Amino acid sequence: MRSLFWAFFCLLTLCVLGCAGGGVSVGSGTVNALSINPNPVHLKPKEKIQLTAILNGGTAPITWTVNTANGGTISQEGIYTAPAASGSYEIQVALTSDPSKLGKTTAIIDSGYTVSITPSSSSSTKVYAAFGGTLQLSAKVTGASSDAVTWSTTNGAVDANGLFTAPTSAGTAVVTATSVADPGKSSTVTIDIVPPVSIENDNASNTTIPMGYFKYKALVTGVESSDVDWTATSGTIDTTGKWTADASYLGNVTITATSKTDSSKSDSVTVNVVSNLNVRFSFLNQGDVVFALRPDKAPNTCANLVSLANAKFYDGIYVHRYEAGFVVQWGDPLTKTLPLTDPSIGTGGPGYTIDFEANDLLHLKYALGMARSSGLNTAGSQIYVCLDDLPSLDGNYVVFGSVASGTSVVDVLRVGDKITTARTEAP
């Protein structure tokens, strides 16, 4: 009786080995499906685990494989050894006689390490390197016993110590630091390759009229800096990069920013000064109004409007005043952020005021005038268009142009109409 018990026990043992390992099974029935337990698998790098194959419907010889390259190893007894690198890897078990019948699981390997690079790039921060310049990077591996990393880059060069050398032309480089302890953990930094010195010019045009101005920024290795000397072949330019055209010069002007620490590094822009320009205001859903200016009568007032239009100052501003038979008025930047019913509307400006320019131009219908507060020298950016002849305003406000085209648009403008763009153009 004892011999029959041991014979049955041995037969049962062979059957179990055939189901879970790679040996020859003993049993009957057709295998309909295979699966792996556990699913998924969570391990640390190089950790081991015994996997179990579950055969639905019968028993048969099975074969274990790791389908992902460099995804670790598995014995034919189902013992899986994780790779050294974190990541996700696919493991498979299939019938040896019919590989189309198979089951899969995913091994998720995570050391818990994190890699960070200094300096880092993000949506709010950029990292720059000058043409041919160098940038020292450092990396830290949190959670590991070693901060050792390997460096690589898509552009330029980076040495084993994280010293990045930029190429000599504009572009970007993505530099990667990969943990030596866990090659599946890495971090990247995107580096913008920029000129050593450059002038930032956000103006809508490079053309102005006498007494017009442009405001420039100097960038040293991509970052705004005052560490430059400004020069201009005509007009004046201050230490902040604000250039003002001469009152009588016409033609091209070269403006240059030169590094104070390295005079061989500089950048230049060219401005064209012409005798006159028109200004075109485009209103959402209404159309365009083009103003012909009179710099012969009000040179500084005309130059002010041209400069503000070139600087895109009026873009997004709303009409805030309409009085039938009197004026339609706009130019208050507060309308971009405050309700038009706010009591502050009508008081905003560009942050400076200009002097009153008395002249003999009259407030005829469709004349362009400069709005101001109680003092004569208090105008800034607000302008108005006469909707009728308004002789009572003559001498009290500066007329400096008139509507050249778009009178029908002026007639329908009302409070709340939005300026999409204001641009200068040739007359």
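Residues numbered from 1 in each chain as written. Predicted model: local features only at pLDDT ≥ 70, side-chain atom pairs only at ≥ 80, totals over all residues. Heavy atoms only, no water.

A. Just the overall build of the protein chain, in detail. Within the protein chain, the regular secondary structure consists of three helices and 36 strands. The C-alpha atoms of the protein chain give a radius of gyration of 38 Å, which is well past the 22 Å a tight globule of 427 residues would have. In terms of its C-alpha atoms, the protein chain occupies a principal-axis envelope of roughly 130 × 55 × 35 Å. Out of the 427 residues belonging to the protein chain, those deemed buried represent 41%. Nonlocal contacts in the protein chain, meaning residues at least 24 apart in sequence, comprise 63% of its contacts between residues at least 6 apart. Total accessible area computed for the protein chain in this model is approximately 20600 Å², and 53% of it derives from carbon and sulfur atoms. In the protein chain, 25 side chains carry a positive charge and 33 a negative one; their mean positions are 9 Å apart. (Helix = DSSP H or I, 4+ residues; strand = E, 2+ residues; numbered from the N terminus. Rg over C-alpha atoms; globule rule 2.2 N^0.38 Å. Buried < 20%, exposed > 50% of the residue type's maximum accessible area, 1.4 Å probe, protein only. Contact = heavy atoms within 4.5 Å. Areas by Shrake-Rupley, 256 points an atom, 1.4 Å probe, with all protein chains shown as cover. Lys, Arg positive; Asp, Glu negative; His and termini not counted. Charge placed at Lys NZ, Arg CZ, Asp CG, Glu CD.)

B. Layout of the environment of Thr421. Structurally, Thr421 can be placed in strand E36 (residues 419–425). With a relative accessible area of 26%, Thr421 lands in the partly exposed category. Spatially, the C-alpha atom of Thr421 lies 9.1 Å from that of Leu284, the residues being 137 residues apart in sequence. Not counting chain neighbours up to four residues away, the residues in contact with Thr421 comprise Arg280, Phe281, Ser282 and Asp315.

C. Broad picture of the side chain of Asn310. Mapping Asn310 onto the fold places it in helix H2 (residues 299–310). A distance of 3.0 Å separates a polar side-chain atom of Asn310 from the backbone oxygen of Thr207. Within the structure, Asn310 has its side chain in polar contact with the side chain of Thr424 (distance 3.0 Å). Here Asn310 is in contact with Asn203, Ala204, Ser205, Thr207, Thr208, Phe214 and Thr424, once residues within four sequence places are set aside. (Polar contact = N/O pair within 3.5 Å; in protein donor to acceptor, adjacent residues only side chain to side chain.)

D. Spatial organisation of the sheet that holds strand E34 (residues 383–386). Taken together, the eight strands give an open sheet; going across it, the order is E31-E32-E34-E33-E35-E30-E29-E36, and neighbouring strands pair in antiparallel fashion. This sheet does not close on itself; its edge strands, each paired only once, are strand E31 (321–322) and E36. In the sheet, strand E30 (residues 287–293) pairs with strand E35 (residues 398–405) via four bridges, with the strands oriented antiparallel. What sits directly across from Phe291, in E35, is Val403. (Pairing = 2+ DSSP bridges.)

E. Structural view of the nonpolar core. Ranked by internal contacts, the top residues of the largest apolar core, which has 39 residues, are Phe281, Phe291, Tyr314, Trp330, Ile383 and Phe400. Leave out the neighbours within four places in its chain, and Ile383 touches Phe281, Phe291, Leu305, Tyr314, Val328, Gln329, Trp330, Leu368, Gly369, Met370, Ala371 and Phe400. In this structure, Val31, Leu34, Ala60 and Ile74 belong to the second largest nonpolar core, which totals 21 residues. (Core = buried A, V, L, I, M, F, W, Y, C linked by side-chain atoms within 4.5 Å.)

F. Summary view of the pattern of salt bridges. On inspection of all chains with the given rule, the structure shows 11 salt bridges. Between Glu425 and Arg280 there is a salt bridge whose closest N-O contact spans 2.9 Å. Taken together, the positions of Glu425 in strand E36 and Arg280 in strand E29 (residues 278–283) put the pair 145 residues apart, joining distant regions of the chain. On the basis of relative accessible area, Arg280 is assigned to the partly exposed category, the value being 28%. As a salt-bridge pair, Arg321 and Glu323 come within 2.8 Å of each other at their nearest N and O atoms. By relative accessible area, which is 35% here, Glu323 ends up partly exposed. Linked through salt bridges whose partners overlap, the residues forming this network are Arg280, Asp288 and Glu425. (Salt bridge = Lys/Arg side-chain N within 4 Å of Asp/Glu carboxyl O.)

G. Layout of H2. The first and last C-alpha atoms of H2 sit 16 Å apart over 12 residues, in line with the 16 Å expected at 1.5 Å per residue. Extensive coverage of H2 is indicated by the burial of 10 of its 12 residues. One or two positions beyond H2, positive phi appears at Lys312, with a value near 65 degrees. (Expected span 1.5 Å × (residues − 1).)

H. Focus on the packing of aromatic side chains. For the structure on display, the rule yields 10 aromatic pairs. Seen in terms of ring centroids, Phe283 and Trp330 are 5.1 Å apart; in terms of plane orientation they differ by 80 degrees. Their pairing is edge-to-face. Placement of the pair is Phe283 in strand E29 and Trp330 in strand E32 (residues 327–330), with a sequence separation of 47 residues. Pair check on accessibility: Phe283 and Trp330 agree, each one buried. (Phe/Tyr/Trp six-rings, centres within 6.5 Å; stacked < 30°, edge-to-face > 60°.)

I. How the structure looks around the side chain of Ser111. The topology assignment puts Ser111 in the loop between strand E9 (102–109) and strand E10 (114–118). What makes Ser111 buried here is its relative accessible area of 9%. Of note is the side chain of Ser111, whose polar atom sits 3.1 Å from the backbone nitrogen of Tyr113. Within the local environment of Ser111, its side chain forms a polar contact with the side chain of Asp182, the two groups lying 2.5 Å apart. Aside from chain neighbours lying at most four places away, what touches Ser111 is Lys44, Pro45, Ser86, Asp182 and Lys185.

J. Main features of the sheet that holds strand E16 (residues 163–165). Ordered by their spatial adjacency, three strands build an open sheet running E12-E16-E15, and the pairing between neighbours is antiparallel. Unpaired on one side and paired on the other, strand E12 (134–136) and strand E15 (157–158) mark the two borders of the sheet. One ladder, built from two bridges, connects E15 with E16; its direction is antiparallel. Across the sheet, residue Ala157 finds its bridge partner in E16, namely Thr165.

K. Spatial organisation of unusual backbone geometry. With an omega dihedral of 0 degrees, the bond running from Asn37 to Pro38 counts as a cis peptide bond. Along the chain, Pro38 turns up in the loop between strand E1 (33–37) and strand E2 (41–43). Across the junction of Asn39 and Pro40, the peptide omega takes the value 0 degrees, indicating a cis bond. Following the sequence through the fold, Pro40 ends up in the loop between E1 and E2. Phi at Met211 is positive, roughly 75 degrees, even though this residue is not glycine. Assignment of secondary structure puts Met211 in the loop between strand E20 (207–208) and strand E21 (213–215). Its relative accessible area of 28% is what places Met211 among the partly exposed residues.

Geometric values such as these leave the question of function open.
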